[in-house]
Amino acid sequence: MVEAIGLYKSFGSVEAVRGVSFSVSRGEIFGLLGPNGAGKTTTIRMITGLLRPDRGRAFIMGIDVHRDPIEARSHIGVVPEVSNPYVDLSVWDNLVLIGKLYCIPKETIIERGKSLLEELGLYDRRSSKAKTLSKGMRRRLLLAMALISDPEILFLDEPTSGLDVFSARKIRSMITGLRRNGKTIVLTTHNIDEAGMLCDRVAIINKGKIIAEGTPDDLRIRYGKYIEIKVLFDNSIDSSVLNEFRDHYNVTCDERWVTIICEKNELDEVLDKIMNIKHRLDLRIKDLHIESQSFEDIFVRIVRGE
Amino acid sequence: MVAGISDYLKKIWALSIKDMRLYYFKGPTIVMGVVMPMFLWLAFMIGSSPSIGSAVAMLLSISSFFAASSITPVILPWETRQKTLEMILARPITIELVLIGTCLASMLYGVFVSLVIIAIGIFLGVCAANIPVLIASILLSSICYSFMGLLFSAIPSDVPADAVLLSSVVRMPLIFISGVFVPINRLPILMRPLSYVSPLTYYADIINDLYIGRSTFSLGIDFLVLLLFTIILGIFTIETNRRTIIKRL
Ligand SMILES: Nc1ncnc2c1ncn2[C@@H]1O[C@H](COP(=O)(O)OP(=O)(O)O)[C@@H](O)[C@H]1O
Ligand SMILES: [Mg+2]
């Protein structure tokens, strides 16, 4: 449905995107996950035909976006990262304007517009000027505007960033609902949990390059084989006691808390060693946590290149 | 093919209606497009006592000129500032369609203002000698001046006031060298070449011809030169704006 082949773009001396390729198949939610400045927005702009790549090509449903932008864009809905509806037009008129740009018959606009606004909790505000809407409501209106043409593919650049909890939740539930209806969605986010929650497949992008790709679970398995063990003793211990761990594991000691990061299959061994220390020094264990690393920790490690 | 063209026209019209609703009644548009030429005209009227026919002709010339060129300079800076430009460009349209829609709105503003002044003229008992020629000249010159206004939005600033200021700095002197208040043959000889490169000269010449029977060029020449200006400005401004609009994202 969407295909990016070796996209490059630089602005002066800044190489914003350096060879990004991926493809998204029908009905998939694909996430571009990366820190600020990673090149997500630039990538989306190239795929939606707004920016011409220095090198590389982009296809939407097999149509070369830069050869035939009108045809390609007639299949997509886009919510750009930083954008607004027309603040001096009403909610409804904004929707109708966009509908007309897709040459949708009036009755269809009315019917779809009504159900979209109801679903996004904006129907009561349909006659208000967009300038009276909160930031979250404006974003929801933009989503409705992107959906008025009932597009096969939806591009959402940071759909929930900077929004109140209610609007963010509303937009997320709309996204999962759209997936159920078989829509293809490409979204960008710097929110790892959001990517893990919404996406079928995630590409992690950093400094203009995709550095890892897979389902959230793939990435968790591939990069998330580490677990973190935290032990609270009743007395502070001398950090030299922990020397026997240092060769194998990442250990930190903060007064009475000892934190050890190890691979899952070493759990048994590490726990034995902890019990050893406990018996030798006659300590008591007051608290114990064992956690898989979160998607966030994994992300940080991949971006750091570990 | 036919369906394709009618879709284009529908999209241009939708964009144009949007521009009309958003910009026709904005402060800068009314001040720069309607109030300012009115004041210039009044200032000139106080110093001289022309016939009603030539007073209406003067007002008509500068009003069409200012009104038609007052909307195109502000729309792109305004949309950049309001962060609506990327949102609209992501639709199945092209930059060219957006620009043409803008020009259409601006041109129609010129036409509406002109019609009001023609009506006032009729009310005062003066009318153009040839109505079809009058209408044709208003349509053509309004297109020409709306393209001219678009020239000022090629600078990718997001401060609408910049474009307003720049466009006024350019438009104001044109009034005085284009034979609106002072006939070209009474201008200092050194300034005459300048008046030949002002697109306002040829429209003012048509209007003067139609209202007071005084003209420097024949109607044919006037229309031909206006048409050339329109084509050249049209191609040039759309091309330059197409290049710089990307910098606005
Ligand atoms: N229009 C532009 N002009 C100059 N530099 C840009 C422009 N757009 C993006 N950049 C630069 O390109 C890099 C990637 O930006 P962007 O694609 O917006 O990242 P992200 O969306 O992941 O935060 C950044 O360093 C940014 O400063
Ligand atoms: Mg971004």
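Residues numbered from 1 in each chain as written. Chains lettered and ligands numbered in written order. Predicted model: local features only at pLDDT ≥ 70, side-chain atom pairs only at ≥ 80, totals over all residues. Heavy atoms only, no water.

### Describing a nonpolar patch on the surface
All names here are of chain B.
Consideration 1: A grouping of Ile52, Val116, Ile120, Phe123 and Leu124 is seen on the molecular surface, where their side chains present a nonpolar patch of about 520 Å² in accessible area.
Consideration 2: For the nonpolar patch, the element with the highest residue contribution is helix α6 (residues 95-123), accounting for three residues.
Consideration 3: If you trace the backbone, Phe123 turns up in helix α6.
Consideration 4: Using a relative accessible area of 72% as the deciding quantity, one classes Phe123 as exposed. (Patch = residues over 30% accessible without salt bridge, like charges linked within 9 Å, V, L, I, M, F, W, Y side chains within 5 Å. Areas by Shrake-Rupley, 256 points an atom, 1.4 Å probe, with all protein chains shown as cover. Salt bridge = Lys/Arg side-chain N within 4 Å of Asp/Glu carboxyl O. Helix = DSSP H or I, 4+ residues; strand = E, 2+ residues; numbered from the N terminus. Buried < 20%, exposed > 50% of the residue type's maximum accessible area, 1.4 Å probe, protein only.)

### Observations regarding the confidence of the model for chain B
Consideration 1: Scored by pLDDT, chain B has a mean of 89; 99% of the residues are at 70 or more.
Consideration 2: Here the predicted complex carries an ipTM of 0.87, next to a pTM of 0.84. (pLDDT = per-residue confidence, 0-100.)

### Topic: the pattern of salt bridges
All names here are of chain B.
Consideration 1: Within this structure, the stated rule accounts for 18 salt bridges over all chains.
Consideration 2: A salt bridge links Lys18 to Glu79; the shortest N-O distance between them is 2.8 Å. Taken together, the residues Lys18 in helix α1 (residues 2-23) and Glu79 in helix α4 (residues 72-82) connect sequence positions 61 residues apart.
Consideration 3: Glu79 gets classed as buried once you look at its relative accessible area, which sits at 2%.
Consideration 4: Within the structure, one salt-bridge network assembled from shared partners comprises Glu96, Glu239, Arg242 and Arg243.

### Considering the nonpolar core
It is characteristic of soluble globular proteins that their nonpolar side chains tend to be buried jointly.
Consideration 1: The biggest cluster of nonpolar side chains holds 129 residues, and the ones touching the most others in it are Leu143 of chain A together with Ile88, Leu134 and Tyr211 of chain B.
Consideration 2: Counting residues per element, this core draws most heavily on α6 of chain B, which supplies 13 residues.
Consideration 3: Look past the residues within four positions of Leu143 of chain A in its chain and what remains in contact with it is Val79, Leu120, Leu154, Leu156, Ile171 and Met174 of chain A.
Consideration 4: Within the second largest apolar cluster, 28 residues are counted, among which are Phe30, Ile44, Val65 and Ile205 of chain A. (Core = buried A, V, L, I, M, F, W, Y, C linked by side-chain atoms within 4.5 Å. Contact = heavy atoms within 4.5 Å.)

### Comments concerning the packing of aromatic side chains
Consideration 1: Scanning all chains against the criterion turns up twelve aromatic pairs over all chains.
Consideration 2: Taking the centre distance of 6.5 Å and the plane angle of 75° together, the rings of Tyr24 of chain B and Phe25 of chain B count as edge-to-face.
Consideration 3: On the basis of relative accessibility, which here comes to 7%, the residue Tyr24 of chain B falls in the buried class.
Consideration 4: An angle of 15° between the planes, with centres 4.3 Å apart, marks the rings of Phe44 of chain B and Phe181 of chain B as stacked. Here Phe44 of chain B is found in helix α2 (residues 27-47), whereas its partner Phe181 of chain B is found in the loop between α8 (160-177) and α9 (192-196), with 137 residues between them in sequence.
Consideration 5: The class of Phe44 of chain B is partly exposed, set by a relative accessible area of 26%.
Consideration 6: One aromatic cluster in this structure is built from Tyr24, Phe25, Tyr109 and Phe112 of chain B.
Consideration 7: In this structure, Arg55 of chain A packs its charged tip against the face of Tyr8 of chain A, placed 3.9 Å from the ring centre.
Consideration 8: Between Lys230 of chain A and the ring centre of Trp257 of chain A, over which it is positioned, the NZ or CZ distance is 5.9 Å. (Phe/Tyr/Trp six-rings, centres within 6.5 Å; stacked < 30°, edge-to-face > 60°. Lys NZ or Arg CZ within 6 Å of the ring centre and 35° of its normal.)

### Quick look at the packing of helix α3 (residues 91-101) of chain A against helix α4 (residues 106-119) of chain A
Residue and element names in this part refer to chain A.
Consideration 1: Look at α3 against α4: their axes get within 10 Å of each other, and the N-to-C directions meet at 130°. Classified by the angle between their axes, α3 and α4 sit oblique to one another. In the crossing of α3 with α4, the sense of the turn from one axis to the other is right-handed. Between α3, through Val91, Trp92, Leu95, Val96, Gly99 and Lys100, and α4, the contact on the second element is made entirely by Ile109, Ile110, Gly113, Lys114 and Leu117.
Consideration 2: A breakdown of the residues in the contact of α3 with α4 according to their chemical character gives seven nonpolar, two polar and two charged. (Axes fitted to C-alpha atoms, helices over the stretch in contact; angles between N-to-C directions. Parallel < 35°, antiparallel > 145°, perpendicular 65-115°, else oblique. Left-handed = near helix turned anticlockwise from the far one by under 90°. Nonpolar A, V, L, I, M, F, W, Y, C, P; charged D, E, K, R; others polar.)

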